[in-house]
Amino acid sequence: MRWRMLAAVAAGIIGVSPGVAVAREAGPVPELQLELYSRGMPAGASAGKVLAARYGVRTGTPPPRATFRLDATAAAPWLRITTAEPTPGCTQDEAVLTCTLDIASPDWTRNVLLLRYTPAPGAEPGTEVTFDVDLTADGAVPVGYRQGFTLTGPRPDMSAAFEHLEGVRPGSRVPLYPRFANVGDDAASGVLLQATLPSKQPARDRYRNCYYSGDQVQCPFPEFRLAPGERAAVSRSTPLTASVPSWVPGLSRQEVAWTVDPMPAGVPFDPGDARPGSGPELRLDRQATTFADSPDADYLDNGGVFYLHTTSNPADLSAGAGRVRGRTGDTVTMSLRFTNHGPAQVSGPAGDEVRWNDPAWASLTVDVPSGVDVVSSGCYGYVGDVLGRIEPGLPRYRCFIEDPNDPGTMVTVDPGTTVTVGLRVRLRSDTTSVGLVTAAGGVDDPRPGNDAARIEVWPVRPAPGDDSGQGGGLPITGTPAGVRAALGGVLVLVGALLIIGAARVRSRR
């Protein structure tokens, strides 16, 4: 019997191999993304200002191109919006700008259309206008909105830069040099630089004229005067340093958001609960000019972002499974384990961000043992080689890693963490069978040999005479087997004693 069971296990191991997760037959419809931050400018800024419209997809596979349309007809008497430079695919029909744009990158932050906003001669301060902007593409969910815009009196207008930094290593320190300009028609008496960093700033990277609280930093420059048209940046000798955690996923995008705002003269800066650093002073490279105390004309374009694109960072993943035991017909839980040994985090999909064919999402692919049927799970089943719906009775599933306390909410699996996934299965055979569970996620695995584990099903067979199993067999009648065996043993013993006694009697004679 033991040899037959081992043979069945071996046959199951040989017959099961890990499968490659493929895209769902009808993946998520692409949702377009369009970002154009601006709410106003000084009416007297006759040279205009340049703003960046960033576009692409928020979820799904990007279409090859999209149509951008900006209708400023309602604003035409006071404001003109055009491309900032000659752009192939763009046409201007009076106040309507239409562009056929290639979506060159799946990362929407990299697709940029530069626009120039120019007030009309004689535009009055305080004038409020609107314009409509939208982005459309075949087979995609469009995006669009109406933008309000105010022409102000003389004011500074701070504008911050967006930058992409490639090849950032997890665990490294990255020097940042925020750049900004005053595109208004009046000067600022001082500036306030603020940033949100990837992690808490270590003491060695803290400047004494900046204030720190968690991952937030504020650096006031109350006497840094910036005239219209002037540009400035953090000095190359005193960079703002971003410490990138060692556990960030490889080939991902970390963001350092920052803003620059004008500071009014004579008003002391209040850092709140933040505390200053003890290092040297953070410096700005500048050109001082005359100044005026006034708020910013357009606060929405005060913010910049450093996009930190990380290099590969491996995550050693392993799969595990508990032995499935029960009687034929029983419904039990098949427990599977997903362990991240690090150093990188891995994440499950979240909300609308599900991309069915993305191998970086943390998941377990389950090849179900032949001796059980899946009766319920939160996993997506395969029909052939196509990932489909959540339904029972299929031979293969892909289980995204969820929060055990909030099913349906995907989680980030930190290094050193194990997450358990359970599938309810019904045993349908009294012979041993074997399946396979395979862990996947992240962008690189240094030890692929531990990604898969066997799922062993060992049915419990009823003992002879046990009527507690399944089914309605005939009742057992007569003397119980245990009683009969005990009586038989007593009779054998009595018989042996009688034989020994008779032998002794004969020997005495």
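Residues numbered from 1 in each chain as written. Predicted model: local features only at pLDDT ≥ 70, side-chain atom pairs only at ≥ 80, totals over all residues. Heavy atoms only, no water.

### Regarding the overall build of the protein chain
Helix and strand content of the protein chain: 2 helices and 38 strands. Taking all 509 residues of the protein chain together, 43% fall into the buried category. Sequence-distant contacts, at least 24 apart, represent 80% of the contacts inside the protein chain between residues at least 6 apart. (Helix = DSSP H or I, 4+ residues; strand = E, 2+ residues; numbered from the N terminus. Buried < 20%, exposed > 50% of the residue type's maximum accessible area, 1.4 Å probe, protein only. Contact = heavy atoms within 4.5 Å.)

### Details of the pairing of strand β13 (residues 173-176)
Of the two faces of β13, only the one carrying V174 and L176 is buried; R173 and P175 on the other face are not. The pairing of β13 with strand β19 (residues 240-243) spans 4 bridges and is antiparallel. Counterpart to R173 in the pairing with β19 is S243. (Pairing = 2+ DSSP bridges.)

### Quick look at the state of the cysteines
Between two cysteines, a covalent bond joining their sulfur atoms is known as a disulfide. If you walk through the whole model with that rule in mind, you get 3 disulfides. Here C210 engages in a disulfide with C219; their sulfurs sit 2.0 Å apart. Taking the torsion about the sulfur-sulfur bond, which here is approximately 115 degrees, the covalent link between C210 and C219 counts as right-handed. For the pair shown, C210 and C219 are each scored as buried. Shown here is the disulfide that connects C379 with C399, its sulfur atoms set 2.0 Å apart. Sign of the S-S torsion, about 105 degrees for the bond between C379 and C399, identifies this disulfide as right-handed. With C379 in the loop between β29 (372-376) and β30 (380-383) and C399 in strand β32 (residues 396-400), the pair connects residues that are 20 residues apart, well separated along the chain. You can call C379 buried: its relative accessible area is 4%. (Disulfide = S-S within 2.5 Å.)

### Concerning the layout of surface pockets
There is about 640 Å³ of room inside the second largest pocket. Residue lining of the second largest pocket: 27 residues in total, with V50, S159, A160, A161 and R231 positioned closest to the centre. Looking at which element gives the most residues to the lining of the second largest pocket, the answer is strand β3 (residues 49-59), with 5 residues. Tallied by class, residues from the lining of the second largest pocket come to 14 nonpolar, 6 polar and 7 charged. (1 Å grid on protein atoms, 1.4 Å probe; cavity = no way out; pocket = protein on both sides within 12 Å on 5 of 7 lines; lining within 4 Å. Points joined across faces, edges and corners; volume = space filled by probe spheres on them. Nonpolar A, V, L, I, M, F, W, Y, C, P; charged D, E, K, R; others polar.)

### Considering the packing of aromatic side chains
The description of an aromatic ring pair uses the distance of the two centres, along with the angle that the planes make with each other. Scanning the entire structure with this criterion turns up 7 aromatic pairs. With centroids separated by 5.9 Å and ring planes inclined at 65 degrees, the aromatic side chains of Y380 and F400 adopt a geometry described as edge-to-face. Of this pair, Y380 sits in strand β30 while F400 sits in strand β32; the two residues are 20 residues apart in sequence, bridging distant segments of the chain. By relative accessible area, which is 5% here, F400 ends up buried. Here the aromatic residues Y117, F131 and F149 are joined through ring pairs into a cluster of three or more. Across from the ring centre of F162, 3.8 Å away, lies the NZ or CZ of R54, which sits over that ring. (Phe/Tyr/Trp six-rings, centres within 6.5 Å; stacked < 30°, edge-to-face > 60°. Lys NZ or Arg CZ within 6 Å of the ring centre and 35° of its normal.)

### Quick look at the sheet that holds strand β2 (residues 40-42)
Taking strand neighbours across the sheet as the criterion, the 6 strands line up as β2-β10-β9-β4-β7-β6 in an open arrangement whose pairing is mixed. Looking along the sheet, the strands with just one partner apiece sit at the ends: β2 and β6 (90-93). Here the average twist between neighbouring strands, direction ignored, is 20 degrees. As judged from the 3 bridges shared by β2 and strand β10 (residues 143-152), these two strands associate in the parallel manner. Looking at the pairing, M41 lines up with L151 of β10. (Axes fitted to C-alpha atoms, helices over the stretch in contact; angles between N-to-C directions.)

### Side note on the environment of T118
Considering the arrangement of structural elements, one finds T118 in strand β8 (residues 112-119). Expressed as a C-alpha distance, the spacing of T118 and K49, which sit 69 residues apart in the sequence, is 6.8 Å. Residues within four places of T118 in sequence aside, it is in contact with S46, G48, W78, L79 and R80.

### Points about the sheet that holds β29
Two strands in a sheet stick together by hydrogen bonds in their backbones, pointing the same way (parallel) or opposite ways (antiparallel). Taken in spatial order, the 4 strands of this open sheet run β24-β26-β36-β29, and their pairing is antiparallel. A single partner strand is all that each edge strand has here, and the edge strands are β24 (315-321) and β29. Put simply, the sheet's adjacent strands are angled 35 degrees from each other on average, direction ignored. Relative to strand β36 (residues 417-427), strand β26 (residues 331-343) runs antiparallel, the two sharing 10 bridges. Residue pairing across strands places F338 opposite V419, the latter belonging to β36.

### A short note on the pattern of salt bridges
For the structure on display, the rule yields 17 salt bridges. Measuring nitrogen to oxygen at the nearest pair gives 2.4 Å for the salt bridge that ties D205 to R173. Taken together, the residues D205 in the loop between β15 (191-196) and β16 (211-213) and R173 in strand β13 connect sequence positions 32 residues apart. Under the relative-accessibility criterion, R173 is labelled partly exposed at 41%. The partner of R253 in a salt bridge is E255, with the nearest N and O atoms 3.0 Å apart. Look at R253 and you get partly exposed, because its relative accessible area is 30%. One network of salt bridges, with partners in common, ties together D107, R110, E166, R253 and E255. (Salt bridge = Lys/Arg side-chain N within 4 Å of Asp/Glu carboxyl O.)

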